[in-house]
Amino acid sequence: MKAVKVLTVLLLLTATAVSCSNGPVEYRKTKPLMDTIVTITVVSESDRKADEAIESAFSVISRFSDKIDFFKHTSELSAVNRNAGIAAVTVSPETLGVIERALYIAKISGGAFDPTIGPEIRMWDFAKKVRPSDEEIRKNLPLVNYRDIVVDRSRSTVFLRKRGMLMDLGGIAKGYAADLALADLKKEGIAAGIVAAAGDIRAFGLKPGGEAWRVGIMNPRQKSKADELIATARLSNKAVSTSGDYERYFIENGRRYHHILDPKTGYPAAGCRSVTVISDDGIFADGFTTAVFVLGPEKGMRLVRDCGADALIIDRDGGVHTTPGLKKMVAFENGH
Amino acid sequence: MKTVIRSTTLADKLLFIALTTAAVAGIFYSREAMPKGSDVIIEVDGRTAYTLALDTDRVLSVPGPYGNTVVEIKGGRVRVKEAHCPNRLCEKQGWITRGAIVCLPNHIVISVGGKTENLPKGLDAVTG
């Protein structure tokens, strides 16, 4: 009987030693920022170092968010919008950086992504099933044109040419926030981690066991809890974002009205159910999901390939389209 | 060691096997028993104020600086039904089955599966 006790104690001690072994482990913290939940996970040998790094990255995101918040009266973006058609506004390097990248994505996508969609999107209320009239949509369309954003890099100013224009950086801000947070974590000496600004995610380095980070991709037509994910990506030193017609929407007379508007028509884009883009940078992953969604599977896939990114597109009929590179990073769930 | 093992009875051996099985099973059971995104967590001022089942329909009022925020859980989804904050972004977000609704003016965060413990098994994040 004594032997049994000894063996049991030995067994339990071994299990404890394995679970409490020294070495780097994952630390994770969550904070409400940018009107969503931001979760940062880092790999570190010290909880103090991990905590300081995560808090520093949260501060970076918070400061950036204050500058580009569409609804905050004191933000730099609000100042730019208030001065539309009136005057150029001096902005910080972060705001200038995100606007310049937004313009790049707008140009390369032929305007499928357009940060001046503000006058159209503000007329919709998807929770209350409110949609503007055809006339209202048509009336505001001339205000949607990224070519009317004038950036003067040397003076660090931004000017919207027409009165009534509204720039909304919601389509790329969270991806860029993940980029900024990652840069800050690296500066703080962190070598591996994952930043998730809601569904806009950037991973770097490897998990403590030497594996890539595992990111689930939502099923746009989830029927049950078991059917929640369509695939899982294994990522290291990559960013991933998803845009879907299931996030903010309502259905009226059998038609789905969702929040991803085609800047050329002012109506929800109809070619896709969801678009996931994997890229080297968060801002491009985030911006390209919208652009590809609006372009539809065929043109969207061409854009992604031209830009050296990867994508998973679920088209309006549920068809799956992927880039060759994506298959190396993504495993589909059973039944998909 | 051989003498020790020889001196044990069948009952001792059975007990040892039972204890070992229970210990190992306990490790797996505790992992399986973790929440799987079925809870709605409502935080006020950074502290968890309510933990509610997503599969039980109910409506509740959460007080804040801009009055009561009415939260509705129905059919496995949750939304802010009524808010009185300046932009009512939380209300405009509509129903969610995963992720979070944040009302910064009222210091309220409603999350479903957005927290670490609610991530699907083995995942570090979810996009979508």
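Please read all numbers here as calculations on a predicted model, not as lab measurements.

Caption draft 1: Fine view of the packing of helix H4 (residues 93-108) of chain A against helix H8 (residues 282-295) of chain A. Residues and elements named next belong to chain A. Where H4 meets H8, the closest approach of the two axes is 10 Å, and the angle between their N-to-C directions is 45°. In terms of axis orientation, H4 runs oblique to H8. For the pair H4 and H8, the crossing hand works out as right-handed. Of H8, the residues touching H4 (which contributes Val98, Arg101, Tyr104, Ile105 and Ile108) are Ile283, Phe284, Gly287 and Phe288. Grouping the constituent residues of the contact of H4 with H8 by class yields seven nonpolar, one polar and one charged.

Caption draft 2: Main features of the confidence of the model for chain B. Summing up the model confidence of chain B, the mean pLDDT is 78 and the portion of residues at 70 or higher is 74%. Between residues 27-37 of chain B, whose pLDDT stays under 50, and residues either more than four places distant or in other chains, the model counts eleven contacts.

Caption draft 3: Spotlight on the sheet that holds strand E1 (residues 25-33) of chain A. Residue and element names in this part refer to chain A. The strand order across the open sheet formed by eight strands is E1-E2-E6-E7-E10-E13-E14-E15, and the pairing between neighbours is antiparallel. Among the strands making up the open sheet, the edge pair consists of E1 and strand E15 (320-322). Neighbour to neighbour, the strand axes of the sheet diverge by 10° on average, direction disregarded. Sheet topology note: the strand E10 (residues 238-244)/strand E13 (residues 272-279) ladder contains six bridges and is antiparallel. Across the sheet, residue Thr242 finds its bridge partner in E13, namely Thr276. Across the sheet, helix H7 (residues 173-187) lies against strand E2 (36-44), strand E6 (193-197) and strand E7 (200-204), angled at about 25° from E7, the strand it touches most. Its contacts with the sheet put helix H9 (residues 297-306) on E13, strand E14 (310-315) and E15, and the angle it makes with E14 is roughly 175°.

Caption draft 4: Expanded view of the packing of H8 of chain A against H9 of chain A. All names here are of chain A. Contact pair H8 / H9: the axes reach a minimum separation of 6 Å and the direction vectors enclose 145°. As H8 packs across H9, the resulting crossing turns out to be right-handed. Residues Phe288, Ala291, Val292 and Leu295 of H8 pack against Lys299, Gly300, Leu303 and Val304 of H9. Taken together, the residues of the contact of H8 with H9 break down into six nonpolar, one polar and one charged.

Caption draft 5: How the structure looks around the environment of Ala311 of chain A. Residue and element names in this part refer to chain A. With respect to the secondary-structure elements, Ala311 resides in strand E14. Residues Ala311 and Val275 lie 36 residues apart in sequence; the distance between their C-alpha atoms is 7.0 Å. Excluding residues that lie within four positions of it along the chain, Ala311 makes contacts with Thr276, Val277, Met301, Val304, His321, Thr322, Thr323 and Leu326.

Caption draft 6: A look at the pattern of salt bridges. Within this structure, the stated rule accounts for 24 salt bridges over all chains. The shortest N-O distance in the salt bridge between Lys31 of chain A and Glu55 of chain A comes to 4.0 Å. In this pair, Lys31 of chain A is assigned in strand E1 and Glu55 of chain A in helix H2 (residues 47-68), connecting sequence segments 24 residues apart. By relative accessible area, Glu55 of chain A is classed as partly exposed at 28%. Ionic pairing is found between Lys72 of chain A and Asp66 of chain A, a salt bridge with its closest N-O pair at 2.9 Å. Judged by relative accessible area, Lys72 of chain A falls into the partly exposed class, the value being 33%. Residue class for Asp66 of chain A comes out partly exposed when judged on its relative accessible area of 35%. Members of the salt-bridge network, linked through shared partners, are Glu26, Arg28 and Lys207 of chain A together with Asp124 of chain B.

What counts and what doesn't
Residues numbered from 1 in each chain as written. Chains lettered and ligands numbered in written order. Predicted model: local features only at pLDDT ≥ 70, side-chain atom pairs only at ≥ 80, totals over all residues. Heavy atoms only, no water. Axes fitted to C-alpha atoms, helices over the stretch in contact; angles between N-to-C directions. Helix = DSSP H or I, 4+ residues; strand = E, 2+ residues; numbered from the N terminus. Parallel < 35°, antiparallel > 145°, perpendicular 65-115°, else oblique. Left-handed = near helix turned anticlockwise from the far one by under 90°. Contact = heavy atoms within 4.5 Å. Nonpolar A, V, L, I, M, F, W, Y, C, P; charged D, E, K, R; others polar. pLDDT = per-residue confidence, 0-100. Pairing = 2+ DSSP bridges. Salt bridge = Lys/Arg side-chain N within 4 Å of Asp/Glu carboxyl O. Buried < 20%, exposed > 50% of the residue type's maximum accessible area, 1.4 Å probe, protein only.

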